[in-house]
Amino acid sequence: MKNRINLTFSFFVPLLEVIFEDQTRKPLGFLKTSEKICTKLEQLYYKKKKEQKKEEIQNCNNLVFVPKVGNINISFTTESYNYYRLTRVDICKKEPIRPFIALTSAYRKWKTKEIDYKLYNGRKRAEIYLSLAGSIKKKVSLEIQNGADNVEEKINQIIKICNNKKSSEKKNLLDSVYTDYSNIYVRESDLLTIIEINQNIQQMLNFDTTSKKYLLLDGMKIVFLDFNKILLINRKNHSKLFIDRIAQTITLVFFLKVLANRANEILDKNIFVDKHIEQKFEFYEYILAVLDPIVYSTVDNLNILSNHYQRVLFTEAAQKLSFFKYTKRLEEKIIQKIKSWELREQVKFLSRDNKIINRLKLKYKLEREQVIEPALKEKERIIFEYLLNKYKSSIDNLGIVGKKLQIPTPPGSVSRNGIRKEIKAWLKKTNCDPTIITDNELKKHVPKPLAGLINKGLVVKKPVKGRITLLFYINEKENYIQARLRGL
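Residues numbered from 1 in each chain as written. Predicted model: local features only at pLDDT ≥ 70, side-chain atom pairs only at ≥ 80, totals over all residues. Heavy atoms only, no water.

### Observations concerning the sheet that holds strand E13 (residues 459–463)
Then comes step 1: The strand order E12-E14-E13 describes an open sheet built from three strands, whose pairing is antiparallel. Since the sheet does not close on itself, it has two edges, and those belong to strand E12 (414–415) and E13, each with one partner.
Then comes step 2: Sheet analysis places E13 next to strand E14 (residues 470–474), joined by five bridges and oriented antiparallel. Within E14, the position partnered with Pro463 by the bridge is Leu470. (Pairing = 2+ DSSP bridges. Helix = DSSP H or I, 4+ residues; strand = E, 2+ residues; numbered from the N terminus.)

Set out below in structure tokens:
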């Protein structure tokens, strides 16, 4: 009796430097920002819709040549196209989700000379994920006969061969993405091995599954032989699509662990001091968009995992593979890192209007509730709220140039006469009594409500150079003000 087991081997090379390095190859420049990815995907989507002939599918949408992995052109395949349709609604809204879509090569024949036994349907391909990782994936079938062979030994032999190739294949992937990667040091991940077997041949194998962690999902037993070796035991006649989705979901968890580990390393290096502020914003938004488990495990998941069983499996696999430990540490670091920025940078970053940033703002709102509010008189509170609003509006309208948000006057600064001209309209807009503060009160050199805010350290006054005019603005370094503006 002849039986085969299906094997998939893959490893990942994190490409997070794409966001902030200038060496990215021009055809892949769209990977730098989520907005450019959304635009590019729409272009590829419409091109793919128009394709009719096989020759057209092979020859269009070629984005980059990957040297030394065969004559491979990376393209938007039918597989990617079908997946993109699920996530398209949010991508068209410019949500920064960087979906789990890969630009892939066609499969090429793969057979290693070091193996003297027969392998079937051996093939490999290169992939570049929009979630910023390169990957080499190899698939093969292995024949067994009545348990006479030591299958685990044969699998371990193939794993060893694949591991030996990782270093050179990593360089090929980096060479396909960067024009010069001499200053970019990136480790390739461990090799992920997924072994797919039918129940009727399980007894022929030597795998010890008695004490291993496992899951049951609609008749399929998923055994975690190790953190990077997964056994799928098909106990029903599952479709190929179902099996592929199971493998994809487990691969996604492994893939995200690799990215989380790399993101932690980059954050520890504090490299964004010397980078453009938009690159910093894009990198932090990337981490929030890609590495938050909630994105994948809840119904409101932007269709990244469209089926309920995939979301359940993601959560279970993330527990088994300790992914939540990585993300908890990363989330704490992100929250503290953002709080260490200048306040104007924090407010500008948090003003990005998308689902991902809104989740972060909710965390800051909860934190704001724990900060004790200073005791303010009624008119002091009104002027204070007005100046907070003035500050946020000023930042929202501020363009980004270079490494810092720099403007000639402090953001939200306003003269006494400016307050007189604007305060009544602002009070009406906020449904407050416009007569609560009179013109006469604001005609004094330093109006009493402003003097009270200055004495409490909430407002700063600054003379305009060469004039007797004073500018008033909120104190960006005051803890309560920072908590308020983060949580707006």
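### As for the pairing of strand E11 (residues 229–234)
As a general feature of sheets, a regular strand has side chains that alternate between the two faces.
Then comes step 1: Counting buried positions along E11 yields six of six residues, so the element is predominantly enclosed.
Then comes step 2: Burial along E11 is two-sided: the face carrying Lys229, Leu231 and Ile233 and the face carrying Ile230, Leu232 and Asn234 are both buried.
Then comes step 3: Where strand E8 (residues 192–198) and E11 come together, six bridges link them in parallel fashion. Along E11, the bridge assignment pairs Glu196 with Leu232.
Then comes step 4: Between the end of strand E10 (residues 220–226) and the start of E11, which pair antiparallel, lie two residues. (Buried < 20%, exposed > 50% of the residue type's maximum accessible area, 1.4 Å probe, protein only.)

### Let's talk about the pattern of salt bridges
Then comes step 1: Tallying each qualifying case throughout the model produces 31 salt bridges.
Then comes step 2: Across the pair Glu127 and Lys137 runs a salt bridge whose closest N-O atoms are separated by 3.7 Å. Taken together, the residues span a long stretch of sequence, with Glu127 in strand E6 (residues 119–129) and Lys137 in strand E7 (residues 133–145) at a distance of 10 residues.
Then comes step 3: The exposure class assigned to Glu127 is buried, which follows from its relative accessible area of 1%. (Salt bridge = Lys/Arg side-chain N within 4 Å of Asp/Glu carboxyl O.)

### Notes on the packing of helix H5 (residues 240–269) against helix H8 (residues 308–320)
Then comes step 1: For the pair H5 and H8, interaxial distance at closest approach is 9 Å and the crossing angle is 40°. Considered as vectors, H5 and H8 are oriented oblique to each other. The handedness of the crossing between H5 and H8 comes out as right-handed. Residues Phe242, Arg245, Ile246, Gln248, Thr249, Ile250, Leu252, Val253 and Leu256 of H5 form the contact with H8, whose own contacting residues are Tyr309, Gln310, Leu313, Phe314, Ala317 and Ala318. (Axes fitted to C-alpha atoms, helices over the stretch in contact; angles between N-to-C directions. Parallel < 35°, antiparallel > 145°, perpendicular 65-115°, else oblique. Left-handed = near helix turned anticlockwise from the far one by under 90°. Contact = heavy atoms within 4.5 Å.)

### Considerations on the state of the cysteines
Then comes step 1: Following the criterion strictly, the structure yields zero disulfides and no others.
Then comes step 2: Take Cys38: it sits in no disulfide, and the sulfur closest to it among the cysteines is that of Cys92, at 8.0 Å. (Disulfide = S-S within 2.5 Å.)

### What about the nonpolar core?
It is characteristic of soluble globular proteins that their nonpolar side chains tend to be buried jointly.
Then comes step 1: Judged by nonpolar contacts, the single largest core of 156 residues is most densely connected at Ile222, Leu256, Phe283 and Phe349.
Then comes step 2: Sort the elements by how many residues they give to this core and H5 lands first, with 16 residues. (Core = buried A, V, L, I, M, F, W, Y, C linked by side-chain atoms within 4.5 Å.)

### Concerning unusual backbone geometry
Both trends apply: most residues other than glycine have a negative phi, and most peptide bonds are in trans.
Then comes step 1: For Lys94, which is not a glycine, the phi torsion comes out positive at approximately 65°.
Then comes step 2: Locating Lys94 in the fold gives a position in the loop between helix H3 (78–92) and strand E4 (102–104).
Then comes step 3: One non-glycine residue with positive phi stands out, namely Asn431, at about 60°.
Then comes step 4: Under the relative-accessibility criterion, Asn431 is labelled exposed at 74%.

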